[in-house]
Amino acid sequence: MAIRTRGFGALGLMILVTTGCSTVGESLGFSTPTNPLSKNAKAVRDTAPVPAPVPRELAMSLLPAHIVEAGDTLLVQPVELDAPVRLPPDQPVQPDGTIDLGQYGRPVVAGKTLPEVEAVVRDTVAAKEKKAVPMTVRLLARPGKVFYVLGEVNAPGAFPVTGHDTVLSAITQAGGPTRRASLQNIIVARPSLPDGCRTVLPVCYTNIVQLGDTSTNYQLLPGDRIFVPSKGTFEDLFGGYFKRGGPCDGPQVSCFSGNCNPACGGLPTVPAPKP
């Protein structure tokens, strides 16, 4: 009889928690997740598997050439340091897309690559000089190229893109996940056009950290949003025993078990020497 009563008590507790009885739930130590994963994000994440060409750790790609935009800071100077041309060295790109070359004018440089800006500056200076002066333009700062880490991390915010950022390095920069983080439900959302399709990539943080699994340790692109959601009620209660059967629950094979295919990146199995 005691066993039956205990079973009904546990069932009643689960019903109270799941039916939205906030007063009872809060009195028992349960509360609504601060950073829940939305149903839409979860649905898009689970719609299709992540395509193989998405750059990841161990298979990163070069980022496209930088397009100058307002807020960037450029270093503009003659190739030959003893040239007669004198320009303000640091050139912040103004909101209207121009830089200030002093007596030579204010050319528009936004929307151009660095080699194109060099050509614009050279032509602008040549219009007032008798002799052509080769110019060099370097990028000093690009504050607009950032990624975001939000949700259950200790130091959320925007971080500059370096070209070799991954999900793991980004979450580390953000102070790591909090104790309330749902580590197997982290996502990366890529910016998309208002009428375009959405890209939401699943992140298996525990697999990345504890297994060295790079399949979801994506290379980050400018504008990426990493969202670390809060644990749900059942996940908070039962931890690893509560499985959703999501993208992070796939099988993992040891490279030393003899079952790992070397063609897939595993270590070849060395046969044991004969006695």
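An account of the accompanying structure is given in this report.

### Let's talk about the overall build of the chain
(1) Moving on: Within the chain, the secondary structure is distributed over 7 helices and 8 strands.
(2) Moving on: Scored against the burial criterion, the 275 residues of the chain give a buried share of 32%.
(3) Moving on: For the chain, the accessible area works out to roughly 16900 Å², and carbon and sulfur atoms hold 60% of it.

### Quick word on the sheet that holds strand β1 (residues 73-78)
(1) Moving on: Judged by pairing direction, the sheet is antiparallel, and its 3 strands sit side by side in the order β2-β1-β3 without closing on themselves. Every interior strand has two partners, whereas the edge strands, β2 (90-92) and β3 (135-141), have only one. On average, adjacent strands in this sheet sit at an angle of 30° to one another, irrespective of strand direction.
(2) Moving on: Here β1 pairs with β2 via 3 bridges, running antiparallel. If you follow L74 over to β2, its bridge partner there is Q91.

### A short note on the state of the cysteines
(1) Moving on: One pass over the structure, following the stated rule, counts 1 disulfide.
(2) Moving on: Bridging C204 to C248, the disulfide has an S-S length of 2.2 Å. Around the S-S axis, the bridge from C204 to C248 shows a dihedral of about -90° and counts as left-handed. One end of the pair, C204, is in the loop between β7 (199-203) and α6 (205-211); the other, C248, is in the segment after α7 (233-238), with 44 residues separating them in the sequence. In terms of burial, C204 and C248 fall into one category: buried.

Thresholds, definitions, all that
Residues numbered from 1 in each chain as written. Predicted model: local features only at pLDDT ≥ 70, side-chain atom pairs only at ≥ 80, totals over all residues. Heavy atoms only, no water. Helix = DSSP H or I, 4+ residues; strand = E, 2+ residues; numbered from the N terminus. Buried < 20%, exposed > 50% of the residue type's maximum accessible area, 1.4 Å probe, protein only. Areas by Shrake-Rupley, 256 points an atom, 1.4 Å probe, with all protein chains shown as cover. Pairing = 2+ DSSP bridges. Axes fitted to C-alpha atoms, helices over the stretch in contact; angles between N-to-C directions. Disulfide = S-S within 2.5 Å.

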